[in-house]
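Each chain is listed here by its residues.
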Amino acid sequence: MGRSRVFLLLFLLVWVTEGLTQPKFFNVMDYGAVGGGKTDNSKAFLKAWSDACQWNGKSRVVVPQGTFKLYPVIFSGPCNGPIAFVIRGTLKATTDPSSFSAHSWINFRYVDELTVSGGGTLDGQGASAWHLNNCKSNPQCQALPISMSFDFVTNAIVQRIKSYDSKNAHFKVFGCHNMDFRKIRISAPADSPNTDGIKIGSSYRIRIARSRIATGDDCVAIVEGSKRIHVSKVFCGPGHGISIGSLGGYANEDDVVGVVVKNCTFLGTSNGVRIKTWASPYASKASNFTFQDIFMDDVLNPITIDQEYCPNPPCSQQTSSSSVQISDITYKNIWGRSSSEVAVSLVCSKSRPCKNVVLENINLAHSNPPGRSSSVCLHAKGASHGSQTPPPCL
Ligand SMILES: *[C@@H]1O[C@H](CO)[C@@H](O)[C@H](O)[C@H]1NC(C)=O
Ligand SMILES: *[C@@H]1O[C@H](CO)[C@@H](O)[C@H](O)[C@H]1NC(C)=O
């Protein structure tokens, strides 16, 4: 065989494999979607998803520029190939109260190899519903839809998506494995209730990176059954910080193991890095967490473990101490300013004291008025190394 024939064969081979890897596009406009933000597009979106999901090969659902009103939708797998959901325009939730009982607005479930991207926006229209979220003042309070949720999704990437004014959490991850969130922009007013940025539970290997979160509740909330969670280069504020918990709220909760929070910035938040558990009889473990290379400014409670968590007393099932065992927690290179005097508060369980808590190179001064900050330890065992402001209580 001549040299030119070999080249021709190679060329054909590359051309054919390229062809196989090109995704097939499913534009929602071809399914009758209408922009303008007035017409409900859920039927068109569901049909486009269904065809893309059944396609034997790579597929891509495309939402073009424009504003598309959307009632709650469930995009279900399993699909026949890798699938991308590309949002270039704005998806607008409805303010119709009949939709408020849905668990989520946009739900992906049982999908493997999912990508959600496109630089577009989820507009949750939360202002129409937040008043229903306050159970203290409103007996008609109810759980509102999460803007975008993922249930039993594996090997997924969510990137370059903006979420505004969610009714409940902006994003929620449940029962998922191997997911990356990158370059996410989240925003909701500081006083909007229950608007967690990204909430993770019962999931394994979830990474959040290069994202900006400004919201009314936790920027990132990591709850029971979360394992190997990695949060890096996240800017949080306003918001309630990055929280693990609350844990111990139910019987038979799964442990939270392996959380890394690195290279993050907190600005004007009520907490920085927080672990919270109810004082209840429900036992579980919270261990192997590292909080490292973190800058905080104007943060009310920069470093906190609260094992007596009870935001609205009296709390049900309340016991004298928490049954959640906290161990192997490292705080390293955390600097900036605390807006309250107590910059480090480690309030652990009397019956299960925290084990191996390490404070290393902490520099958190009291900003307002400028001065000495302090630390509080209760039933916390561990050590401190390097420079320490406030003076460590370990
Ligand atoms: C602790 O967590 C890190 C990060 O998730 C993980 O790589 C490591 O294997 C864990 N170590 C143990 C002893 O579980
Ligand atoms: C993380 O922060 C530390 C301390 O500021 C810095 O030295 C390091 O370069 C940062 N890492 C990345 C990947 O940005």
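Residues numbered from 1 in each chain as written. Chains lettered and ligands numbered in written order. Predicted model: local features only at pLDDT ≥ 70, side-chain atom pairs only at ≥ 80, totals over all residues. Heavy atoms only, no water.

## Details of the site of ligand 2
Here is step 1 of the chain: Around ligand 2, the neighbouring residues are Lys233, Asn263, Asp293 and Trp335.
Here is step 2 of the chain: Separating an oxygen atom of ligand 2 from a side-chain N or O atom of Asn263 is a distance of 2.2 Å.
Here is step 3 of the chain: A total of 360 Å² of accessible area belongs to ligand 2 in isolation, and the protein chains cover 38% of it.
Here is step 4 of the chain: In the shell around ligand 2, the residues fall into 1 nonpolar, 1 polar and 2 charged. (Near = heavy atom within 4 Å. Polar contact = N/O pair within 3.5 Å; in protein donor to acceptor, adjacent residues only side chain to side chain. Areas by Shrake-Rupley, 256 points an atom, 1.4 Å probe, with all protein chains shown as cover. Nonpolar A, V, L, I, M, F, W, Y, C, P; charged D, E, K, R; others polar.)

## Points about the domain arrangement of the protein chain
Here is step 1 of the chain: Domain boundaries assigned for the protein chain yield domain 1 (23–196) and domain 2 (218–394).
Here is step 2 of the chain: A straight line from the C-alpha centre of domain 1 to that of domain 2 covers 31 Å.
Here is step 3 of the chain: Taken together, the contact between domain 1 and domain 2 spans 4 residues of the former and 4 residues of the latter.
Here is step 4 of the chain: Counting the surface domain 1 buries against domain 2, the share from its top three residues, Lys136, Ala190 and Asp196, is 91%.
Here is step 5 of the chain: Our count for the domain 1 to domain 2 interface comes out at 0 salt bridges.
Here is step 6 of the chain: Counting across the domain 1 and domain 2 interface gives 1 residue pair in polar contact (both at pLDDT 80 or more).
Here is step 7 of the chain: Residue composition of the side of domain 1 that touches domain 2, grouped by class: 1 nonpolar, 1 polar and 2 charged. (Domains from an automatic or database assignment. Contact = heavy atoms within 4.5 Å. Buried area = accessible area lost by both parts, 1.4 Å probe. Salt bridge = Lys/Arg side-chain N within 4 Å of Asp/Glu carboxyl O.)

## A few points about the state of the cysteines
Here is step 1 of the chain: One pass over the full model with this rule turns up 5 disulfides.
Here is step 2 of the chain: Cys53 shares a disulfide with Cys79; S-S distance 2.2 Å. The disulfide joining Cys53 to Cys79 has a torsion of about -100° about its S-S bond and is therefore left-handed. Placement of the pair is Cys53 in helix 2 (residues 42–54) and Cys79 in the loop between strand 4 (73–76) and strand 5 (83–87), with a sequence separation of 26 residues. Each member of the pair, Cys53 as well as Cys79, carries the same accessibility label: buried. (Disulfide = S-S within 2.5 Å. Helix = DSSP H or I, 4+ residues; strand = E, 2+ residues; numbered from the N terminus. Buried < 20%, exposed > 50% of the residue type's maximum accessible area, 1.4 Å probe, protein only.)

## Topic: the site of ligand 1
Here is step 1 of the chain: With respect to spatial proximity, the complete set of residues near ligand 1 consists of Arg228, Gly258, Val260 and Asn288.
Here is step 2 of the chain: In the environment of ligand 1, an oxygen atom lies 2.4 Å from a nitrogen or oxygen atom belonging to the side chain of Asn288.
Here is step 3 of the chain: Considering ligand 1 on its own, with 360 Å² of exposed area, one finds that the protein chains cover 41% of that surface.

## Some words on the sheet that holds strand 24 (residues 301–309)
Here is step 1 of the chain: As summarised here, the arrangement of the 11 strands in space is 4-7-10-13-16-18-20-22-24-26-29, forming an open sheet in which the pairing is parallel. With partners counted over all chains shown, the strands left at the sheet margins are strand 4 and strand 29 (374–378), one partner each. Taking each pair of neighbouring strands and ignoring which way they run, the sheet shows an average axis angle of 15°.
Here is step 2 of the chain: Alignment of strand 18 (residues 220–222) against strand 20 (residues 242–247), held across 3 bridges, turns out to be parallel. By the bridge assignment for strand 20, Val220 is matched with Ile242.
Here is step 3 of the chain: Relative to strand 4, helix 2 is tilted by about 5°, and along the sheet it contacts strand 4 and strand 7 (104–109). (Pairing = 2+ DSSP bridges. Axes fitted to C-alpha atoms, helices over the stretch in contact; angles between N-to-C directions.)

## Re the UniProt feature "active site" (unreviewed entry) in the protein chain
Here is step 1 of the chain: The UniProt entry lists His240 under the feature "active site" (unreviewed entry), expressed in the numbering used here.
Here is step 2 of the chain: By secondary structure assignment, the location of His240 is in the loop between strand 19 (227–236) and strand 20.
Here is step 3 of the chain: Ignoring sequence-local partners within four residues, the contact set of His240 consists of Gly216, Asp217, Asp218, Ser270, Asn271 and Arg274.
Here is step 4 of the chain: Within the structure, His240 has its side chain in polar contact with the backbone oxygen of Gly216 (distance 3.1 Å). (UniProt positions renumbered as here; feature names shortened; annotations may be inferred.)

## Section: the pattern of salt bridges
Here is step 1 of the chain: For the coordinates displayed, the defined rule picks out 6 salt bridges.
Here is step 2 of the chain: Measuring nitrogen to oxygen at the nearest pair gives 3.0 Å for the salt bridge that ties Asp254 to Lys227. Taken together, the residues Asp254 in the loop between strand 20 and strand 21 (256–267) and Lys227 in strand 19 connect sequence positions 27 residues apart.
Here is step 3 of the chain: In this structure Lys227 comes out as partly exposed when scored by relative accessible area, which is 24%.
Here is step 4 of the chain: For Arg337, the salt bridge is made with Asp297, and the minimal N-O distance between the two is 3.0 Å. With a gap of 40 residues between them, Arg337 in strand 25 (residues 324–338) and Asp297 in strand 23 (residues 284–299) connect regions that are remote in the sequence.
Here is step 5 of the chain: In this structure Asp297 comes out as buried when scored by relative accessible area, which is 18%.
Here is step 6 of the chain: Residues participating in the shared-partner salt-bridge network are Asp218, Arg274 and Lys276.

## Thoughts on the packing of aromatic side chains
For any pair of aromatic rings, the description rests on two quantities: the centre-to-centre distance and the angle between the ring planes.
Here is step 1 of the chain: Evaluation of the coordinates by the stated rule reveals 16 aromatic pairs.
Here is step 2 of the chain: Arranged with centres 6.2 Å apart and planes meeting at 65°, the rings of Phe26 and Trp55 form a pair that is edge-to-face. Linking Phe26 in strand 1 (residues 24–27) with Trp55 in the loop between helix 2 and strand 2 (59–63), this pair joins segments that are 29 residues apart in sequence.
Here is step 3 of the chain: The buried category is assigned to Phe26, whose relative accessible area is 6%.
Here is step 4 of the chain: When the ring of Phe75 is compared with that of Phe85, the centres are 5.0 Å apart and the planes differ by 40°; the resulting orientation is tilted. Taken together, the residues span a long stretch of sequence, with Phe75 in strand 4 and Phe85 in strand 5 at a distance of 10 residues.
Here is step 5 of the chain: You can call Phe75 buried: its relative accessible area is 0%.
Here is step 6 of the chain: Put simply, the rings of Trp49, Phe75, Phe85, Phe108, Phe150, Phe171 and Phe181 touch in pairs and so form one group of aromatic residues.
Here is step 7 of the chain: The cationic tip of Lys24 hangs over the ring face of Trp55; the distance from NZ or CZ to the ring centre is 5.1 Å. (Phe/Tyr/Trp six-rings, centres within 6.5 Å; stacked < 30°, edge-to-face > 60°. Lys NZ or Arg CZ within 6 Å of the ring centre and 35° of its normal.)

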